[in-house]
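Residues per chain are reported as follows:
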Amino acid sequence: MTESTPTAAAPDTTIAYPDTPSAFKEDIKRSDAYEKESSHSTDNTYVTFSDLRNTDTPAGWTMHVHPRGSMYWTSPLHKTVIDDDIRKPHMLERATQFCNSCVEFALPEGTEAQMIGGMDASFCLFVNHDQCVAGYDHTKVRNEAVRDLSPNGLLRARRIYWGYMAHHPSHRACPREGYNEAINALRSYQHEHILYSARCIAPFSKAECVELLEVLHRIKDAEHGLPATTALLGWILQDVYSFRTADRYAQVTRDELRSFRKALSAPPDFAPRQSQLTQSALLFLIRVPFFGIPQTYLAHVKSASEFRGHMAGLKENWEAYTVQLVREYSDFILIATVLLSATVGLLTIDDIGEASRVAAMLSAFASLGSMTVGVFFVWRHQRNARMPSSFTYLHNARNNALGLSGHALLLSIPPVLLVWSIIAFAAAALAYTLQDTTQASTWVIFALFVIMLVAVTAGVYTFSTIWHWQSRDAWWRGWLSLGRADEKPDSSV
């Protein structure tokens, strides 16, 4: 891990840069003298990258290396931080101008200024390490001015500060307050996951909270001051304060916060609107020839597209969606295979009638269709189970011509064809049974068939609706209702 130490063996002379004011040259000389006096480097001292003499670091500057490998420079005398490569003369000239402009601010101890890369040298970020705040107006980040900030202003200043620390962790240890802030926030998010489960909108998942809390408790004392520790803490708290800003932290009452989060969990649906004719046609298809089965798949795809503020939750929803689809389709394929075998056995009977033969052929075709589509769906969903594919999938499903309802119709093709195959097979078996029978036998067989049909229909209907809250209205009112689940707002990608 790279430590932040002054540049060793600084040269005695000052480089004459063009247009460099004499006052700044004197500052460099004093900085060089300070480095020589404070340096205790010996041949036995562990050498870091900041101690190397061949880095072309200008006099008066110290090079620091981020744990990920990028470099930045600081001027301890002027309390400045530079991201631009000051080894290049024109960049050094800009940095010199920046240091000169910072002299007039008279920055107190614990405060430093960062020159924003790619901007004018006069544009900078002021960082107060004592209060863990940062901003672009030095008068608002001084210790005496922080108390005058609004709650939203303090959230913004803390978010900017921890973003700064995440990218500049090597020259200054992280304030101790940061550990307590991060641990308190993560423990709160973990509590919310326990209370609200899938409805939690915390920026970290439950597993991430547990892992990060374990890491923070371990490194709080053992690894304090390491650049990688500071960078990790900065990354955590930057996300924490970004979420708090969006969540109106410390600005609303409990009831107002509940209403605000409820509104956030139901954003407007931006899917293309469909005409009334299209909606009616989709409703008819879902209710009649598809037996309402697409409604189940509509709920599945909506659940997979819910985004609660963290990618881990979306990843978990998508994986559960694909696993569930693959398992269901595999079961349908197995049933369709068995049914196809029975249908082929029925067709091999010599004296089978024309009606039975036609119904059996329809059953065989429906079983083949269910198997074919089911196998293809299993293959495609298994091969595209990762997150990048899910974004494309959900976007296309939501924005196709028929919307999510049309996509649910396609997803329900294997079970719908299987149901039609069972119906056709039952019709074929009934027609074959009624061949060459007396009138009395016919009525008995038909009565038994009706009884079985009523029992099966009652069982299927009951357990299709038992997981939904039932009202006292007549069953046919709910069945013919024009309410569409795909028009309800949801938290989706």
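Owing to the predicted nature of the structure, the values given are computational and were not obtained by experimental measurement.

Considering the overall build of the chain
The helix and strand tally for the chain stands at 17 helices and six strands. A separation of at least 24 residues holds for 67% of the contacts in the chain among residues at least 6 apart in sequence.

A few points about the packing of aromatic side chains
Considering all chains together, one arrives at 14 aromatic pairs under this definition. Ring centres of Phe-204 and Trp-235 lie 5.8 Å apart, and the angle between their planes is 80°; on these two criteria the pair is classed as edge-to-face. Within this pair, whereas Phe-204 is found in the loop between α5 (176-196) and α6 (206-222), its partner Trp-235 is found in helix α7 (residues 227-246), the two being separated by 31 residues in sequence. The class of Phe-204 is buried, set by a relative accessible area of 2%. An aromatic cluster is defined as three or more aromatic residues linked by ring pairs; in this entry it consists of Tyr-297, Tyr-329, Phe-376, Phe-377 and Trp-379.

Quick notes on the pairing of strand β5 (residues 124-128)
In terms of residue burial, β5 counts as a mostly covered element, since five of its five residues are buried. Alternating residues of β5 divide into Cys-124, Phe-126 and Asn-128 and Leu-125 and Val-127, and every residue in both groups is buried. Across five bridges, strand β4 (residues 111-115) lies against β5 in antiparallel orientation. Paired with Met-115 across the strands is Cys-124, a residue of β5. Taking the residues that link successive antiparallel strands as the turn, the β5-strand β6 (residues 133-135) hairpin has four residues, and the phi of Cys-132 there is positive, at about 55°.

Some points on the packing of helix α12 (residues 354-383) against helix α15 (residues 413-433)
The interhelical angle for the contact between α12 and α15, taken along N-to-C directions, is 160°, at an axis separation of 8 Å. Compared by their axis directions, α12 and α15 come out roughly antiparallel. Viewed along their axes, α12 and α15 form a crossing whose handedness is left-handed. Class assignment of the residues belonging to the contact of α12 with α15 gives a composition of 18 nonpolar, seven polar and no charged.

Here we look at the sheet that holds β6
The mixed open sheet is built from six strands, whose spatial order is β1-β2-β3-β4-β5-β6. This sheet does not close on itself; its edge strands, each paired only once, are β1 (62-65) and β6. Across the sheet, the mean angle from the axis of one strand to that of its neighbour is 25°, orientation sign disregarded. Sheet topology places strand β2 (residues 71-75) next to strand β3 (residues 80-82); three bridges connect them, and they run antiparallel.

Side note on the confidence of the model for the chain
Of the residues in the chain, 82% reach a pLDDT of 70 or more, and the chain-wide mean stands at 83. Counting interchain partners and residues more than four positions distant, the pLDDT-below-50 stretch residues 27-41 has 24 contacts. Counted against residues more than four places away or in other chains, residues 482-493, with its pLDDT under 50, gives 38 contacts.

Description of the nonpolar core
Residues Trp-162, Leu-186, Tyr-189, Phe-204, Leu-216 and Ile-236 are the most contacted members of the largest nonpolar core, which totals 36 residues. Mapped onto this core, the elements with two or more residues apiece are β5, α4 (151-167), α5, α6 and α7. By size, the runner-up hydrophobic cluster in this structure holds 33 residues, among which are Ala-364, Met-371, Leu-409 and Leu-418.

Considerations on the packing of α5 against α6
The interhelical angle for the contact between α5 and α6, taken along N-to-C directions, is 155°, at an axis separation of 9 Å. Accordingly, the angle class assigned to the pair α5 and α6 is roughly antiparallel. Like other packed secondary-structure pairs, α5 and α6 cross with a definite hand, here left-handed. Along its contact with α5, which presents Arg-176, Tyr-179, Asn-180, Ala-182, Ile-183, Leu-186, Arg-187, Tyr-189, Gln-190, His-193 and Ile-194, the element α6 presents Lys-206, Cys-209, Val-210, Leu-212, Leu-213, Leu-216, His-217, Ile-219, Lys-220 and Asp-221.

Brief notes about α6
The end-to-end C-alpha distance of α6 is 25 Å, a good match for the 24 Å that 17 residues give at a rise of 1.5 Å each. All buried positions along α6 are accounted for by Cys-209, Leu-212, Leu-213, Val-215, Leu-216 and Ile-219. Packed against the buried residues of α6 are α5 and α7.

Remarks on unusual backbone geometry
The residue Arg-248 is not glycine, and still its phi comes out positive at about 60°. Here Arg-248 lies in the loop between α7 and α8 (254-264). For Arg-248, a relative accessible area of 38% corresponds to the partly exposed category. Positive phi, close to 60°, is recorded for Phe-291, a residue that is not glycine.

Digging into the pattern of salt bridges
Taken as a whole, this structure holds nine salt bridges when the rule is applied. Measuring nitrogen to oxygen at the nearest pair gives 3.5 Å for the salt bridge that ties Lys-79 to Glu-109. Highlighted residues: Lys-79 in the loop between β2 and β3 and Glu-109 in the loop between α2 (89-103) and β4, separated in sequence by 30 residues. Residue classification places Glu-109 among the exposed residues on the basis of a relative accessible area of 64%. The salt bridge partner of Asp-221 is Arg-176, with a shortest N-O separation of 3.4 Å. With Asp-221 in helix α6 and Arg-176 in helix α5, this residue pair connects regions lying 45 residues apart in the sequence.

Reading guide: rules and limits
Per chain, residues are indexed from 1 in the order of the written sequence. Local features in this predicted model are restricted to residues whose pLDDT is 70 or higher, and side-chain atom pairs enter the listing and the counts only when it is 80 or higher, whereas totals over whole chains, interfaces and linings include all residues. The basis for every side-chain value is the complete set of non-hydrogen atoms in the structure, without hydrogens or water. Helix numbering and strand numbering both begin at the N terminus, where a helix is a DSSP run of H or I of at least 4 residues and a strand a DSSP run of E of at least 2. Whether two residues are in contact is decided by their heavy atoms, any of which lying within 4.5 Å being enough. Only centres within 6.5 Å qualify two rings of Phe, Tyr or Trp (six-membered ring in Trp) as a pair; their planes then separate them into stacked at under 30 degrees, edge-to-face at over 60, and tilted for everything else. Working definition: with a 1.4 Å probe on protein chains only, accessible area under 20% of the residue-type maximum means buried, over 50% means exposed, and in between means partly exposed. If DSSP finds at least two bridges between two strands, the strands pair. The axes are straight lines fitted to the C-alpha atoms, using for helices just the contacting stretch, and the angles between their N-to-C directions are given from 0 to 180°. Oblique is the label for any angle not covered by the other classes, which are roughly parallel (under 35 degrees), roughly antiparallel (over 145) and roughly perpendicular (65 to 115). Definitions for this section: a left-handed crossing has its near helix turned counterclockwise from the far helix by less than a right angle. A right-handed crossing has that turn clockwise. Charged residues are taken to be Asp, Glu, Lys and Arg, nonpolar residues to be Ala, Val, Leu, Ile, Met, Phe, Trp, Tyr, Cys and Pro, and polar residues to be all remaining types, Gly included. One confidence number per residue, pLDDT, is output by the predictor and ranges from 0 to 100. Working definition of a nonpolar core: buried Ala, Val, Leu, Ile, Met, Phe, Trp, Tyr and Cys residues. They are joined through side-chain atoms within 4.5 Å. A helix is expected to span 1.5 Å for every residue after the first. The working definition used for a salt bridge is a side-chain nitrogen of Lys or Arg within 4 Å of a carboxyl oxygen of Asp or Glu.

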